[in-house]
Amino acid sequence: MDTPVHEATYDFEYDSADAASIVERSLRREIGEIDDDRSGVALERDGRTLTVRVEAADLVALRAATNTWLSLIDVAEGVRSAGAERSRARSV
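Residues numbered from 1 in each chain as written. Predicted model: local features only at pLDDT ≥ 70, side-chain atom pairs only at ≥ 80, totals over all residues. Heavy atoms only, no water.

**Student:** How should the pattern of salt bridges be read in this particular structure?
**Tutor:** When the charged atoms of two side chains with opposite charge come close together, those side chains can pair. Counted under the stated rule, the structure contains seven salt bridges. When the shortest N-O distance is used, the salt bridge between R48 and E13 registers 2.4 Å. Placement of R48 in the loop between β2 (39–46) and β3 (49–56) and of E13 in strand β1 (residues 6–13) is noted, with a sequence separation of 35 residues between them. On the basis of relative accessibility, which here comes to 38%, the residue R48 falls in the partly exposed class. According to the relative accessible area criterion, E13 is exposed, its value standing at 55%. R53 serves as the salt-bridge partner of E44, at 3.7 Å between the closest nitrogen and oxygen. The class for R53 is partly exposed, based on a relative accessible area of 24%. (Salt bridge = Lys/Arg side-chain N within 4 Å of Asp/Glu carboxyl O. Helix = DSSP H or I, 4+ residues; strand = E, 2+ residues; numbered from the N terminus. Buried < 20%, exposed > 50% of the residue type's maximum accessible area, 1.4 Å probe, protein only.)

Below is the structure:
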């Protein structure tokens, strides 16, 4: 990617560090797979907080990359939540 000129940073706080770790591991698999020469992403996790920083060379690329990564986060959170509910149901 060219030197980024635009950036958007999102912080997601979860109920536990384990929940944040599950979402982070799901997203890390996508880094480098969907990035292109106009945008990229960086992930950082500190305990229960996951920070997603989207960088792009132009605003169109920033919007597209942001939409993609927010959708991936939504899916990862949904799958983690469904898995947690299923685990709770089995233990009852």
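Having put the structure on the table, let's press on.
**Student:** Sorry if this is basic, but what is going on with the sheet that holds β1 here?
**Tutor:** Read across the sheet, three strands follow the order β1-β3-β2 without closing on themselves; strand pairing throughout is antiparallel. For this open sheet the edge positions go to β1 and β2, each flanked by a neighbour on one side alone. Here the strands of the sheet are splayed against their neighbours by 15° on average, with no regard to which way each runs. Alignment of β1 against β3, held across eight bridges, turns out to be antiparallel. (Pairing = 2+ DSSP bridges. Axes fitted to C-alpha atoms, helices over the stretch in contact; angles between N-to-C directions.)

**Student:** What should I look at first to understand the pairing of β2 in this one?
**Tutor:** For a regular strand, side-chain orientation follows a simple rule: the groups alternate between the two sheet faces. As judged from the eight bridges shared by β2 and β3, these two strands associate in the antiparallel manner. Note on β3: the bridge partner recorded for V41 is V54. Between β2 and β3, which pair antiparallel one after the other, the connecting turn spans two residues, and G47 there sits at a positive phi close to 65°.

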